[in-house]
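A structural walkthrough
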Amino acid sequence: MRDVSFGSYYPAKSFVHNMDARAKILISIAFIVAVFLVRSFHFLGFAACAFFVVLSAVTARIPFFKVIKSIRTILFFIVLSAVLQVLFNKNGTPLWEGGFITDIGLINAGFIVARITLVVTGASLLTFTTTPVELADGIESLLTPLKLIKLPVHEFALIMSIALRFIPTLIDETDRIIKAQKARGADFESGNIFKRLKALIPVLIPLLISSFRRADELADAMDARCYAGSKNRTKYKKMKLSYRDIIGFIVIAGLITGVVFLNKFYIVLAVGV
Amino acid sequence: MALLEVQNVSYSYEKNKPVLKNVSFRVEEGEHVAVIGHNGSGKSTLAKLLNALLIPASGTVTVDGFSSADKKSLFEIRKRVGLVFQNPDNQLVASIVEDDVAFGPENIGVKREEIKERIDFALSAVGMQDFLKASPMRLSGGQKQRIAIAGVLALKPKILVLDESTAMLDPAGRAEIAEVVKTLKKDGVTVISVTHYMDEAMTADRIFVLSKGEIIKTGSPKEVFSDRETLKAAELCVPLATSIADKLKENGVDVRGDVFTAEDLGAALCV
C-alpha cells in the first residue's frame with residue numbers, strides 16, 4: 001500500500017510532462033470549451049478534437065490503452081445518457097412505423113457519447129502528465145488574482161497540498177487498522193452489503209480519531225516552523241512558462257478556430273443545400 | 001546571560017493539576033542537554049514551552065533575550081528554537097522533500113535565492129542532500145525524521161529541541177539521528193534532547209531528570225546515572241551497559257570502575 005500512486009499520474013519524460021501546470025490546466029479548459037463548441041450534427045468538429053487528443057497522447061508518450069481506460073469509470077454514465085437519448089427523443093422520424101426510436105435520437109446519442117468521451121479523455125491527459133502537487137501549485141497560481149477580492153487562495157492551496165500529502169499516510173493507517181481488527185476476529189468479507197458496511201465502523205472510528213490527532217500534531221509542527229498564514233510569506237517554487245507552453249497555446253487556439261470554422265462551414269453547406 | 005533561561009516555570013492543562021511545577025534551569029550556547037523522565041513527567045510540555053507553543057502559567061522562558069510571555073517576540077523565539085516532534089509523518093507538510101524543507105524559510109519571508117541555499121545547507125547537515133526531489137513517503141522512518149530536522153534547521157535555529165524524536169524509530173533510525181546530533185553539536189548548535197532512551201542521554205553534556213513536573217536532579221551523565229536513588233524515584237532505568245555491569249557484579253564478576261557505555265564495559269572487562 002505504501003507505494004500506492006493516487007490520482008493517475010503516469011510518470012514519463014515528455015514534451016507534455018515538461019509543460020507548465022498552469023498552461024496545461026488552461027489548455028484543458030479550452031479543450032472542453034472546444035468540444036462543447038462543436039455544433040450538433042457535425043462530426044468533423046469532433047474528429048478535429050479527437051485528433052487533438054491523439055496528438056497530445058502521442059507527444060505525452062502515454063500508451064493509448066491508458067487513455068481509453070480512463071473512460072471506464074464513467075462508462076455507465078455514458079451508456080445511460082445514450083440510452084435515455086435513444087428512448088426518449090421524440091424529434092425526427094421513427095425508424096420503423098409506430099416505433100419510438102427516431103433517427104435524430106440515435107444521432108443525438110452518438111453526439112453525447114462523442115462529447116463525454118472526448119472531454120474525459122482530454123481531461124485525463126492533464127492528470128496523466130501532471131503530478132497532484134504540480135496541479136495544486138498551478139491552481140493556486142491561477143487563482144492568485146482572486147486574492148484581490150479577499151479570497152484565501154494561499155490557505156486553499158495549502159489545504160489541498162496537505163490533503164494530497166496525507167492520502168498515502170491515511171491509506172497506510174487504514175490498512176493497519178483493518179489488519180488489527182482482523183487479528184481480533186473482525187470479518188469484513190462475508191454477509192450482505194449492510195453487514196459489510198457495518199463491519200467498517202470499527203475501522204472508520206479509529207481512523208477518524210487518529211486523523212484528528214495527526215491534525216493536531218501537524219498544526220503544532222507548522223506553528224513551530226513559524227507558520228503565520230500568507231502574510232509576509234515568500235514562495236520558493238517559481239513557475240515559468242516555456243516555449244512548450246506557447247506551442248500548446250497555439251495548438252489549442254488552432255483547434256478552437258478550426259471548430260468554429262467547421263461550424264460556419266456547415267451552416268454555409270446547409271444553406272447551400 | 002545564558003542563551004536559554006527558564007525561571008520558576010509552572011504549567012497546567014487542567015486546573016489544580018500542574019504538569020510542571022516551578023522549573024528553573026539555564027542552557028548555555030553550544031551545550032547538549034538531555035531531559036529524561038518517565039511518561040507523564042512533563043517532558044513534552046517542557047519542550048513546547050521552550051519555543052512558545054505553550055506560554056508558562058507563571059514564570060518566564062527567555063531565549064536570547066526574548067521572553068515568550070511577550071506576544072511580539074513569538075516568531076523571534078520560534079526562529080531561534082527549532083522543535084522536532086516524535087512522529088515524522090505528522091510533521092512533514094509537503095509531498096516533496098525540497099518543498100517541505102522550504103516551508104519554514106517561506107514562512108519567515110526568506111528570499112527565493114536564499115531559500116535554495118538554506119535547503120542545501122539543511123539537507124547536507126542531515127546527510128540527505130541526495131533526496132532533494134524525493135517523496136518523503138518512500139523514505140525510512142530515520143530518513144523522514146532527518147527531513148523533519150532539516151525542515152527545522154532551514155530556519156537556522158540556535159537551539160534544536162528534539163522532543164522524543166527517536167521514540168518511533170528502529171535502532172538504525174536512532175543511530176542516524178544520533179549521528180546528525182553529533183554533527184550539529186560540532187557546528188555549535190545547542191541541542192536539547194528530550195528522551196527516555198538512557199543511552200541517548202549518555203551522549204549529552206548535562207542531564208536534567210524530570211519527575212512529576214519537577215527537575216529532581218541536574219548533572220553530568222556520570223553523576224546522574226551513579227545516583228541510583230534519584231533514578232528509582234523518577235522511575236527510570238540505567239543505560240544498558242550499566243545494568244549489564246550490575247548483573248555481572250551481582251554474580252561475582254570483577255567489574256572495576258563506573259560503567260555507562262559499551263566502551264566502558266569493554267574496558268572494565270578486558271583488563
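Here is what the cut-offs are and how they apply
Residues numbered from 1 in each chain as written. Chains lettered and ligands numbered in written order. Predicted model: local features only at pLDDT ≥ 70, side-chain atom pairs only at ≥ 80, totals over all residues. Heavy atoms only, no water. Helix = DSSP H or I, 4+ residues; strand = E, 2+ residues; numbered from the N terminus. Rg over C-alpha atoms; globule rule 2.2 N^0.38 Å. Buried < 20%, exposed > 50% of the residue type's maximum accessible area, 1.4 Å probe, protein only. Areas by Shrake-Rupley, 256 points an atom, 1.4 Å probe, with all protein chains shown as cover. Lys, Arg positive; Asp, Glu negative; His and termini not counted. Charge placed at Lys NZ, Arg CZ, Asp CG, Glu CD. Pairing = 2+ DSSP bridges. Right-handed = clockwise from strand over helix to strand, strands pointing away. Contact = heavy atoms within 4.5 Å. Buried area = accessible area lost by both parts, 1.4 Å probe. Salt bridge = Lys/Arg side-chain N within 4 Å of Asp/Glu carboxyl O. Polar contact = N/O pair within 3.5 Å; in protein donor to acceptor, adjacent residues only side chain to side chain. Nonpolar A, V, L, I, M, F, W, Y, C, P; charged D, E, K, R; others polar. Domains from an automatic or database assignment. Phe/Tyr/Trp six-rings, centres within 6.5 Å; stacked < 30°, edge-to-face > 60°. Lys NZ or Arg CZ within 6 Å of the ring centre and 35° of its normal. Patch = residues over 30% accessible without salt bridge, like charges linked within 9 Å, V, L, I, M, F, W, Y side chains within 5 Å. Axes fitted to C-alpha atoms, helices over the stretch in contact; angles between N-to-C directions.

**Here's the deal with the overall build of chain B**
A tally of helices and strands in chain B yields 11 helices and 10 strands. Over its C-alpha atoms chain B spans a radius of gyration of 19 Å, differing by no more than 12% from the 18 Å that the globule rule assigns to 271 residues. For chain B, the spread of C-alpha atoms along the three principal axes comes to 65 × 45 × 30 Å. Counting only residues that meet the buried cut, chain B has 53% of its 271 residues in that class.

**Some words on the overall build of chain A**
When helices and strands are tallied, chain A shows 10 helices and zero strands. Start at the N end of chain A and walk to the C end: the helices and strands fall as α-α-α-α-α-α-α-α-α-α. For chain A, whose C-alpha radius of gyration is 24 Å, the value lies well above the compact-globule estimate of 19 Å for 273 residues. Principal-axis analysis of the C-alpha atoms gives chain A an extent of 75 × 55 × 40 Å. Evaluated residue by residue, chain A yields a buried proportion of 37% over its 273 residues. When the accessible area of chain A is evaluated, it comes to approximately 16,200 Å², of which 71% is carbon and sulfur surface. Charged side chains in chain A number 32 positive and 18 negative. The centres of these two groups are separated by 4 Å.

**Brief notes about the pairing of strand β8 (residues 190-195) of chain B**
All names here are of chain B. Across the six residues that make up β8, a large majority, six, are buried. Residues Thr190, Ile192 and Val194 line one face of β8 and the alternating positions Val191, Ser193 and Thr195 line the opposite face, and both faces are buried. Of the strand pairs in this sheet, strand β3 (residues 32-37) and β8 are connected by five bridges, and their pairing is parallel. Directly across from Val35, in β8, lies its bridge partner Val194. Where the polypeptide runs from strand β7 (residues 159-163) across helix α6 (residues 171-186) and back to β8, its parallel neighbour, the crossover connection is right-handed.

**Brief notes about the interface of chain A and chain B**
Taken together, the 31 residues of chain A in the interface contact 41 residues of chain B. Overall, the association of chain A and chain B removes approximately 3,200 Å² of surface from exposure, summing both partners, and the carbon and sulfur fraction of that is 52%. For chain A, the biggest contributors to the area lost against chain B are Arg165(A), Arg225(A) and Tyr236(A); these three give 30% of the whole. Between chain A and chain B we count four salt bridges in total. Of the charged contacts, one joins Lys237(A) and Asp99(B) as a salt bridge, the two residues approaching to 2.9 Å between their closest N and O atoms. Scanning the region where chain A abuts chain B turns up 18 residue pairs in polar contact (both at pLDDT 80 or more). Elements that contribute at least two residues to the side of chain A that touches chain B include exactly α7 (153-183) and α9 (201-224) of chain A. If one sorts the elements of the side of chain A that touches chain B by residue count, α7(A) sits on top with nine residues. For the side of chain A that touches chain B, a count of residues per class yields 14 nonpolar, four polar and 13 charged.

**Some points on the domain arrangement of chain B**
Many authors give the size of an interface as the accessible area that is lost as the parts come together. All names here are of chain B. Assigned domains within chain B: domain 1 (4-89 + 156-235) and domain 2 (239-271). Between the C-alpha centres of domain 1 and domain 2 there is a distance of 29 Å. At the junction of the two partners, domain 1 supplies seven residues and domain 2 supplies six residues. At the boundary of domain 1 with domain 2, total buried surface from both sides reaches about 590 Å², with 65% on carbon and sulfur atoms. If you sort the residues of domain 1 by the area they bury against domain 2, Asp199, Met202 and Arg228 come out on top, with a joint share of 57%.

**Some details on the packing of aromatic side chains**
In total, this model carries six aromatic pairs over all chains according to the counting rule given. Relative to Phe111(A), the ring of Phe46(A) has its centre 5.8 Å away and its plane inclined at 45°; by these criteria the two rings are tilted. One end of the pair, Phe46(A), is in helix α2 (residues 43-59); the other, Phe111(A), is in helix α5 (residues 103-129), and 65 residues separate them in sequence. Each of the two residues, Phe46(A) as well as Phe111(A), counts as buried. Its end group placed over the ring of Phe166(A), Arg165(A) keeps NZ or CZ at 4.2 Å from the ring centre. The ring of Phe75(B) carries the charged tip of Arg78(B) above its face, separated from the ring centre by 5.9 Å.

**Examining helix α1 (residues 43-50) of chain B**
All names here are of chain B. With six of eight residues buried, α1 lies mostly within the body of the structure. For α1, the complete set of buried residues consists of Lys43, Thr45, Leu46, Ala47, Leu49 and Leu50. Phi turns positive one or two residues past the end of α1, at Ala52, with a value near 65°.

**With respect to a nonpolar patch on the surface**
A cluster of nonpolar side chains, Leu75(A), Phe76(A), Val79(A), Leu80(A), Val83(A), Leu84(A), Leu87(A), Phe88(A) and Phe100(A), forms an exposed patch at the surface whose accessible area comes to about 870 Å². Relative to the helices and strands, Leu75(A) is located in helix α4 (residues 75-88).

**As for the sheet that holds strand β9 (residues 206-211) of chain B**
In a beta sheet, neighbouring strands pair by backbone hydrogen bonds and run either parallel or antiparallel. All names here are of chain B. One open sheet holds the six strands; their spatial order is β6-β7-β8-β3-β9-β10, and the pairing between them is mixed. Of all strands in the sheet, those with a lone pairing partner are β6 (81-84) and β10 (214-219), marking the two edges. Averaged over all neighbouring strand pairs, the angle between strand axes comes to 20°, with direction disregarded. Packed on one face of the sheet, helix α5 (residues 141-153) meets β6 and β7 and runs near 160° to β6.

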